[in-house]
Amino acid sequence: MNEQILLIDKYENRKRRLRYTTVFVLLAAAFLFIVVLNINTGNVNISVPEIVKIIFTGEGDPTQVNIIMKIRLPRILMSAVLGGALSLAGFLLQTFFENPIVGPFELGISSGAKMAVALTMILFINKMGMISSYVLIIAAFIGALLSLGFVLLFSKRIRNMATLLVAGIMIGYICSAITDFLITFAEDSDIANLHNWSNGSFSGLTWDNFYLTLAIVGVSFVICFMMAKPLGAYQLGEAYAQSMGVNIKRFRILLIIMSSLLAATVTAFAGPISFVGIAVPFLVKRFLNTSRPIVVIPATFLGGAVFCMMCDLIARTAFAPVELNISTVTALFGAPIVIYMMLKRKRG
């Protein structure tokens with residue numbers, strides 16, 4: 001009997017490993033395919049051999065080199081890193097609130113970060129004529145924490161998650177209204193680009209932006225991955241996590257800080273992006289058939305990168321030369337997934 005149980009366990013473990021490997025291989029293949037497709041697609045078509053040559057040697061036609069190295073590649077890599085960060089922030093918030101239908105955008109966190117960044121940009125541009133990326137991230141982080149703080153205050157009085165989600169949406173609307181008011185009455189011509197940024201866009205991002213973003217998101221990803229074990233315990237309940245030696249108070253604070261920092265970094269550079277933080281973690285957990293953080297964290301990050309690169313490609317090329325806002329495309333794909341999740345939870 002024991003041998004039969006061991007054989008069954010061995011078979012199930014092998015089946016799980018095969019499933020995990022398949023999902024990661026497919027995500028990696030999709031990542032590489034979309035990177036090449038993004039670089040190749042545009043007003044100037046560049047062949048795959050030329051793309052490989054330019055990326056790895058920096059040699060080739062000067063026009064093509066400039067297009068790839070100064071415009072397309074930094075934008076593609078930024079959309080990948082920011083998409084992964086937003087998806088990971090969504091997974092952390094879903095774990096914190098113990099509900100899969102929450103995310104940085106839906107809880108008003110992205111809108112709070114957007115409001116703080118817009119206010120900071122207007123003040124600094126009017127007084128100094130320029131602004132540092134570090135200042136934008138700090139402002140976005142403060143705005144994200146303020147919005148999340150209001151959501152947490154509501155959560156103490158509101159136990160129903162649906163009502164709490166509505167409260168988060170209302171906070172987002174208030175922050176968006178304040179941002180629109182600031183942008184509307186801003187007189188400086190340099191602030192005109194705020195309108196496109198406030199609706200979400202990966203355009204105009206540079207290598208300097210990428211290196212800074214990669215550093216912040218990379219460190220955040222490592223910290224989140226190191227939190228995988230306590231996250232798994234927390235998913236089974238606070239009592240169980242405490243019995244496993246997890247300091248619940250410190251752990252919850254760390255969850256808030258990491259999710260706010262990731263969402264703030266995305267908002268500082270690309271503006272608020274909707275539905276990614278909900279849709280991608282749900283799809284990844286569905287494909288993996290598990291919620292184990294040690295597996296879900298890297299898969300969610302990679303899935304978010306693929307999802308945002310695909311959406312950015314559509315936003316850039318669907319109605320070229322007119323470019324869609326990235327949130328328009330992410331909502332088009334993400335909203336049906338969220339509706340499906342809500343219907344599924346209702347049936348359950």
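Up top you'll find the structure we're talking about.
The structure presented is a predicted model; accordingly, all values stated were derived computationally and were not measured.

The rules behind the values
- Residues numbered from 1 in each chain as written.
- Predicted model: local features only at pLDDT ≥ 70, side-chain atom pairs only at ≥ 80, totals over all residues.
- Heavy atoms only, no water.
- Helix = DSSP H or I, 4+ residues; strand = E, 2+ residues; numbered from the N terminus.
- Buried < 20%, exposed > 50% of the residue type's maximum accessible area, 1.4 Å probe, protein only.
- Contact = heavy atoms within 4.5 Å.
- Areas by Shrake-Rupley, 256 points an atom, 1.4 Å probe, with all protein chains shown as cover.
- Patch = residues over 30% accessible without salt bridge, like charges linked within 9 Å, V, L, I, M, F, W, Y side chains within 5 Å.
- Salt bridge = Lys/Arg side-chain N within 4 Å of Asp/Glu carboxyl O.
- Lys, Arg positive; Asp, Glu negative; His and termini not counted.
- Charge placed at Lys NZ, Arg CZ, Asp CG, Glu CD.
- Disulfide = S-S within 2.5 Å.
- Phe/Tyr/Trp six-rings, centres within 6.5 Å; stacked < 30°, edge-to-face > 60°.
- Axes fitted to C-alpha atoms, helices over the stretch in contact; angles between N-to-C directions.
- Parallel < 35°, antiparallel > 145°, perpendicular 65-115°, else oblique.
- Nonpolar A, V, L, I, M, F, W, Y, C, P; charged D, E, K, R; others polar.
- Polar contact = N/O pair within 3.5 Å; in protein donor to acceptor, adjacent residues only side chain to side chain.
- Expected span 1.5 Å × (residues − 1).

Asks: Describe the overall build of the chain, with residues and values.
Replies: Helix and strand counts for the chain come out as 14 helices and zero strands. Overall, the chain shows an N-to-C arrangement of helices and strands of α-α-α-α-α-α-α-α-α-α-α-α-α-α. Here the chain holds 348 residues, and 47% of them are scored as buried. When contacts within the chain are restricted to residue pairs at least 6 apart in sequence, long-range pairs at least 24 apart make up 77% of them. For the chain, the exposed surface amounts to about 17,800 Å²; the carbon and sulfur share of it is 66%.

Asks: Got a sec to walk through a positive patch on the surface? Specific residues and values, please.
Replies: A cluster of basic side chains, namely Lys 10, Arg 14, Arg 16, Arg 17 and Arg 292, defines a positive patch on the protein surface. By the secondary structure assignment, Lys 10 is in helix H1 (residues 2-40).

Asks: Lay out the environment of Leu 324 in plain terms, naming residues and giving numbers.
Replies: Among the structural elements, Leu 324 can be located in the loop between helix H13 (293-317) and helix H14 (326-347). Remark: the alpha-carbon pair of Leu 324 and Asp 312, spanning 12 residues in sequence, is separated by 8.7 Å. In contact with Leu 324, other than residues within four places in its own chain, are Ala 315, Ala 318, Phe 319 and Val 329.

Asks: Help me get a handle on unusual backbone geometry, residues and values and all.
Replies: In the Ramachandran plot, Glu 98 falls in the positive-phi region, its phi being about 55° despite a non-glycine side chain. Residue position: Glu 98 is located in the loop between helix H3 (62-97) and helix H4 (109-128). With a relative accessible area of 57%, Glu 98 lands in the exposed category.

Asks: Help me get a handle on the state of the cysteines, residues and values and all.
Replies: A disulfide bridge is the covalent bond that connects two cysteines by way of their sulfur atoms. Tallying each qualifying case throughout the model produces zero disulfides. With no disulfide of its own, Cys 308 has Cys 311 as its nearest cysteine by sulfur position, at a separation of 6.2 Å.

Asks: Explain the pattern of salt bridges to me, and be specific about the residues and the numbers.
Replies: Two side chains bearing opposite charge may form a pair once their charged atoms approach each other closely. Using the criterion set out here, one finds three salt bridges in the structure. A salt bridge links Asp 312 to Arg 75; the nearest nitrogen and oxygen atoms lie 2.8 Å apart. Of this pair, Asp 312 sits in helix H13 while Arg 75 sits in helix H3, and the two are 237 residues apart along the sequence. Across the pair, exposure class does not vary: Asp 312 and Arg 75 are buried alike.

Asks: With reference to specific residues and values, describe the packing of aromatic side chains.
Replies: Ring pairs (aromatic) are described by centroid distance and by the angle formed between their planes. Applying the stated rule across the entire model yields eight aromatic pairs. With a centroid separation of 5.7 Å and 80° between ring planes, the pair formed by Trp 207 and Phe 210 is classed as edge-to-face. Here Phe 210 and Trp 207 lie together in helix H8 (residues 207-226), a separation of three residues that amounts to about one turn. Overall, the relative accessible area of 24% leaves Trp 207 in the partly exposed class. Judged by its relative accessible area of 9%, Phe 210 is buried. Taken together, the aromatic side chains of Trp 207, Phe 210 and Tyr 211 make up a single cluster linked through ring pairs.

Asks: Please provide a residue-by-residue account of the packing of H8 against helix H9 (residues 228-235), values included.
Replies: Two elements in contact, H8 and H9, have axes whose closest approach is 5 Å; the angle formed by their N-to-C orientations is 55°. Taken together, the axes of H8 and H9 are oblique relative to one another. For the pair formed by H8 and H9, the contact residues are Cys 224, Phe 225 and Met 226 on the first element and Ala 228, Pro 230 and Leu 231 on the second. Across the contact of H8 with H9, the residue classes break down as six nonpolar, no polar and no charged.

Asks: I'd like a rundown of the side chain of Lys 114, residues and numbers included.
Replies: Here Lys 114 lies in helix H4. With no salt bridge to any partner, buried Lys 114 finds its closest opposite charge in Asp 180, at an N-O distance of 4.9 Å. There is a polar contact of 3.4 Å between the side chain of Lys 114 and the side chain of Ser 176. Apart from the residues lying within four places of it in its own chain, the contact partners of Lys 114 are Ser 176, Thr 179, Trp 197, Ser 198, Thr 267 and Pro 272.

Asks: Tell me about the side chain of Ser 259, and name the residues and values.
Replies: Looking at the element boundaries, Ser 259 is found in helix H11 (residues 248-270). A polar contact of 2.8 Å, which involves the side chain of Ser 259, links it to the backbone oxygen of Leu 255. A distance of 3.1 Å separates a polar side-chain atom of Ser 259 from the backbone oxygen of Ile 256. Setting aside its immediate chain neighbours within four residues, Ser 259 contacts Ala 89, Leu 92, Leu 93 and Leu 148.

Asks: Tell me about the environment of Val 48, and please be specific about residues and values.
Replies: Looking at the secondary structure, you find Val 48 in helix H2 (residues 48-57). In this structure, the C-alpha to C-alpha distance between Val 48 and Leu 37, residues 11 residues apart in sequence, is 8.9 Å.

Asks: Break down helix H12 (residues 276-288) for me, citing the residues and quoting the values.
Replies: Compared with an ideal rise of 1.5 Å per residue, which puts 13 residues at 18 Å, H12 spans 18 Å between its outermost C-alpha atoms and is within 8% of the ideal. Those residues of H12 that fall on the buried side of the exposure criterion are Val 276, Gly 277, Ile 278, Ala 279, Val 280, Pro 281, Phe 282, Val 284 and Leu 288. Downstream of H12 by one or two residues, Asn 289 has phi in the positive range, about 60°.

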